[in-house]
Amino acid sequence: MAEVLKNKFIKFFEYKKYFVFLLLLFSFITSAYKKPETFVIDAAHNAYIHNNIGINYLKEHCYYGAIQEFKIAISLAPNTQASAVYYKNLGDAYMEIGYPDMAQKPYEDAVNQFSLNFMYYQKLAKCYKALGIIPSKIAEYSSQTDNPLNKVMLGVLYIESGDLKRGTIILDNFANAEPDLLITPAIKQYVKETVDKINTI
């Protein structure tokens, strides 16, 4: 009798073992278990997002928020071609609130980061004009002959200072000397608009 009880007891534990195993397997399958996700931080993508948030703040005239978002975008991607846009946007925000002295460095950084966008030169020249330092900047860019793109800045500075003819001649000469640069079509358009303005005076 004791032997029969012992055998039943052993069989019961064997079945229980299988039952527990099946129960665990079933609970694992039906549970909401997911493999943990891995998150990759993409600084360039995050910078793009922060820049867009800054643009939205700027449209809503929330200048402090815009400035902070542009600074975050710059800190996430400080040395890329895209960061030139972030620097330009930061300069725009400072100009909007009447701080051309704070806008000067971001605009200069935008030109240094990507020097083939003509708009950056125009924004920087307007900033210099607001600061009243165009004559000193004309002298500075006139003495720097190592970079041909300094001629672009020089031409825009002359036009901003009111010397439309001299600025137009400098920019036209540059456009003829460098016809294949990305910046050249924008310069030609600007020269055309300036010539039209001269003709109406």
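Located above this text is the structure these notes cover.
Bear in mind the structure is a predicted one, so any value in this text is a computation, not a measurement. (Residues numbered from 1 in each chain as written. Predicted model: local features only at pLDDT ≥ 70, side-chain atom pairs only at ≥ 80, totals over all residues. Heavy atoms only, no water.)

Trainee: Just checking my understanding: could you explain the overall build of the protein for this structure?
Mentor: Of regular secondary structure, the protein possesses 10 helices and zero strands. Reading the secondary structure of the protein in the N-to-C direction produces α-α-α-α-α-α-α-α-α-α. The buried share of the protein, reckoned over its 201 residues, is 34%. Across the protein, every contact between residues at least 6 apart in sequence was considered, and the portion connecting residues at least 24 apart equals 48%. Here the protein displays about 13,100 Å² of accessible surface, and carbon together with sulfur accounts for 61% of that area. (Helix = DSSP H or I, 4+ residues; strand = E, 2+ residues; numbered from the N terminus. Buried < 20%, exposed > 50% of the residue type's maximum accessible area, 1.4 Å probe, protein only. Contact = heavy atoms within 4.5 Å. Areas by Shrake-Rupley, 256 points an atom, 1.4 Å probe, with all protein chains shown as cover.)

Trainee: Just checking my understanding: could you explain the side chain of Gln 104 for this structure?
Mentor: Within the fold, Gln 104 resides in helix H5 (residues 100–113). Using a relative accessible area of 18% as the deciding quantity, one classes Gln 104 as buried. Dropping the residues within four chain positions of it, Gln 104 is found in contact with Leu 124, Cys 127, Tyr 128, Leu 131, Ile 133 and Lys 137.

Trainee: So what exactly am I meant to see when it comes to the packing of helix H2 (residues 43–59) against helix H3 (residues 63–76) here?
Mentor: Axis angle and axis distance: for two packed helices, these are the angle between their axes and the distance between the axes, and together they describe the pair. As a packed pair, H2 and H3 sit with axes 8 Å apart at the nearest point and diverge in direction by 165°. By the angle class used here, H2 and H3 are roughly antiparallel. When the axes of H2 and H3 are compared, the crossing they make is left-handed. When H2 is examined against H3, the residues Ala 43, Asn 46, Ala 47, His 50, Asn 51, Ile 53, Gly 54, Ile 55, Tyr 57 and Leu 58 are found in contact with a partner set consisting of Tyr 63, Gly 65, Ala 66, Glu 69, Phe 70, Ile 72, Ala 73 and Leu 76. Taken together, the residues of the contact of H2 with H3 break down into 12 nonpolar, five polar and one charged. (Axes fitted to C-alpha atoms, helices over the stretch in contact; angles between N-to-C directions. Parallel < 35°, antiparallel > 145°, perpendicular 65-115°, else oblique. Left-handed = near helix turned anticlockwise from the far one by under 90°. Nonpolar A, V, L, I, M, F, W, Y, C, P; charged D, E, K, R; others polar.)

Trainee: How should I be thinking about a nonpolar patch on the surface in this particular structure?
Mentor: A cluster of nonpolar residues, Tyr 48, Ile 49, Ile 53 and Tyr 57, forms a patch on the protein surface that exposes about 330 Å² of accessible area. On the secondary structure map, Tyr 48 appears in helix H2. (Patch = residues over 30% accessible without salt bridge, like charges linked within 9 Å, V, L, I, M, F, W, Y side chains within 5 Å. Salt bridge = Lys/Arg side-chain N within 4 Å of Asp/Glu carboxyl O.)

Trainee: I tried to follow helix H4 (residues 81–96) on my own but got confused; where do I start?
Mentor: Count 3.6 residues to each turn of an α-helix, and residues three or four apart come out pointing the same way. In this model H4 runs 24 Å from its N-terminal to its C-terminal C-alpha over 16 residues, within 8% of the 22 Å that 1.5 Å per residue would give. Here H4 has its buried residues at Ser 83, Ala 84, Tyr 86, Tyr 87, Lys 88, Asn 89, Leu 90, Gly 91, Asp 92, Ala 93 and Tyr 94. Turning to H4, the residues buried within the fold contact H2, H3, H5 and helix H6 (118–131). Looking at the residues trailing H4, positive phi occurs at Gly 98, about 85°. (Expected span 1.5 Å × (residues − 1).)

Trainee: I keep staring at the nonpolar core and nothing clicks. Help me out?
Mentor: The nonpolar side chains of a soluble globular protein tend to be buried, and buried together. Membership of the largest hydrophobic core comes to 47 residues, with the highest contact counts inside it found for Phe 118, Tyr 121, Val 152, Leu 171 and Ile 187. Phe 118 has contacts with Val 152, Val 156, Leu 171, Ile 183, Ala 186, Ile 187 and Tyr 190, leaving out every residue within four places of it along the chain. (Core = buried A, V, L, I, M, F, W, Y, C linked by side-chain atoms within 4.5 Å.)

Trainee: Honestly, the packing of helix H7 (residues 134–143) against helix H8 (residues 150–161) in this entry has me stumped. Any pointers?
Mentor: Following both chains from N to C, one finds H7 and H8 inclined at 155°, their axes separated by 9 Å at the closest point. On the basis of the axis angle, H7 is roughly antiparallel to H8. Between H7 and H8 lies a crossing whose hand is left-handed. Taken together, the residues of H8 that come into contact with H7 (itself represented by Ile 134, Lys 137, Ile 138, Tyr 141 and Ser 142) are Asn 150, Met 153, Leu 154, Leu 157, Tyr 158, Glu 160 and Ser 161.

Trainee: Before we go on, may I ask you to explain the environment of Lys 151 in this structure?
Mentor: Along the chain, Lys 151 turns up in helix H8. For the pair Lys 151 and Gly 167, spaced 16 residues apart in sequence, the C-alpha to C-alpha distance is 9.4 Å. Once you skip the residues sitting within four places of it in the chain, Lys 151 turns out to touch Ile 170, Leu 171 and Phe 174.

Trainee: How should H3 be read in this particular structure?
Mentor: In this model H3 runs 20 Å from its N-terminal to its C-terminal C-alpha over 14 residues, within 8% of the 20 Å that 1.5 Å per residue would give. The complete set of buried residues in H3 reads Tyr 63, Gly 65, Ala 66, Ile 67, Glu 69, Phe 70, Ala 73 and Ile 74.

Trainee: How should I be thinking about the pattern of salt bridges in this particular structure?
Mentor: A side chain of one charge can pair with a side chain of the opposite charge when the charged atoms of the two come close. A full pass over the atoms with the stated rule returns nine salt bridges. The partner of Glu 108 in a salt bridge is Lys 137, and the shortest N-O contact between them spans 4.0 Å. Remark: Lys 137 occurs in helix H7 and Glu 108 occurs in helix H5; sequence separation between them is 29 residues. Residues Lys 137 and Glu 140 are paired through a salt bridge, measuring 3.1 Å at the closest nitrogen-oxygen approach. A residue pair is termed a helical-turn pair when its members lie 3 or 4 positions apart in one helix, as Lys 137 and Glu 140 do in helix H7 at three residues.

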